[in-house]
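# Structural characterization, general
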Amino acid sequence: MPDPRARRGLPERWLLPPAPREDDLAARWRALPFDHRRRLAHVRPAEVASLPGEDAAVVGGLARSRLRTSWRLLAGAPLLGWLVLMTVWGFGRSTAPDAERAWLLAGLALAAGVWFLAAVWAAGRLRRARQVLAELAGQEPA
């Protein structure tokens, strides 16, 4: 039985990568239950060899789709940093207008940290997608 806390009320588009672009793989992806799609979305490169053929094809399609839409992940890092800056600075200006400069500096520091962490996370996701594709290419006969 699936764990009802696994989704935490978030839409699937926030929890899963973009669907494969190939029509047959996209149809197969949509037909899978959420829990199975989530497992396939988080497959590590070392686990690719143990996947059945249909699941390996879907995982390859997911990796190709993630690389095609990599701009979303890369653009999300500075956007998230900017949102943190505006939130902290705006909160500080409205609650303590005398310390606006301190709030600005705190917002800049937090924004830089969030930007860095989001960029590292995005680079890791893209690296894992490349590694999955390399593993799949290594499995195919030459």
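Presented here is a report on the structure given in the accompanying data block. (Residues numbered from 1 in each chain as written. Predicted model: local features only at pLDDT ≥ 70, side-chain atom pairs only at ≥ 80, totals over all residues. Heavy atoms only, no water.)

### Examining the overall build of the protein
Assigned secondary structure in the protein consists of six helices and zero strands. Along the protein, helices and strands appear, N-terminal first, in the series α-α-α-α-α-α. Expected size for 142 residues packed as a compact globule is a radius of gyration near 14 Å; at 20 Å, the protein overshoots this value by more than 25%. Overall, the protein is about 65 × 35 × 25 Å in size when its C-alpha atoms are taken along their principal axes. Relative to its full complement of 142 residues, the protein shows a buried share of 31%. Sequence separation of 24 or more characterises 66% of the internal contacts of the protein that already satisfy a separation of 6 or more. When the accessible surface of the protein is totalled, it reaches about 9300 Å², and 62% of it is carbon and sulfur. In the protein, 21 positive and 13 negative side-chain charges are present, and the distance between their average locations comes to 5 Å. (Helix = DSSP H or I, 4+ residues; strand = E, 2+ residues; numbered from the N terminus. Rg over C-alpha atoms; globule rule 2.2 N^0.38 Å. Buried < 20%, exposed > 50% of the residue type's maximum accessible area, 1.4 Å probe, protein only. Contact = heavy atoms within 4.5 Å. Areas by Shrake-Rupley, 256 points an atom, 1.4 Å probe, with all protein chains shown as cover. Lys, Arg positive; Asp, Glu negative; His and termini not counted. Charge placed at Lys NZ, Arg CZ, Asp CG, Glu CD.)

### Side note on the packing of helix α2 (residues 23–31) against helix α4 (residues 53–68)
Taken N-terminus to C-terminus, the directions of α2 and α4 make an angle of 110°; their axes are 10 Å apart at the nearest point. Relative to α4, the element α2 is oriented roughly perpendicular. Between α2 and α4, the residues in contact are L25, R28 and W29 and E54, A57, V58, G61, L62 and R64, respectively. Across the contact of α2 with α4, the residue classes break down as five nonpolar, one polar and three charged. (Axes fitted to C-alpha atoms, helices over the stretch in contact; angles between N-to-C directions. Parallel < 35°, antiparallel > 145°, perpendicular 65-115°, else oblique. Nonpolar A, V, L, I, M, F, W, Y, C, P; charged D, E, K, R; others polar.)

### Side note on the side chain of R128
Locating R128 in the fold gives a position in helix α6 (residues 100–139). E47 provides the closest opposite charge to the buried, salt-bridge-free R128, at an N-O distance of 8.0 Å. In this structure R128 touches A41, H42, V43, R44 and P45, once residues within four positions along its chain are discounted. (Salt bridge = Lys/Arg side-chain N within 4 Å of Asp/Glu carboxyl O.)

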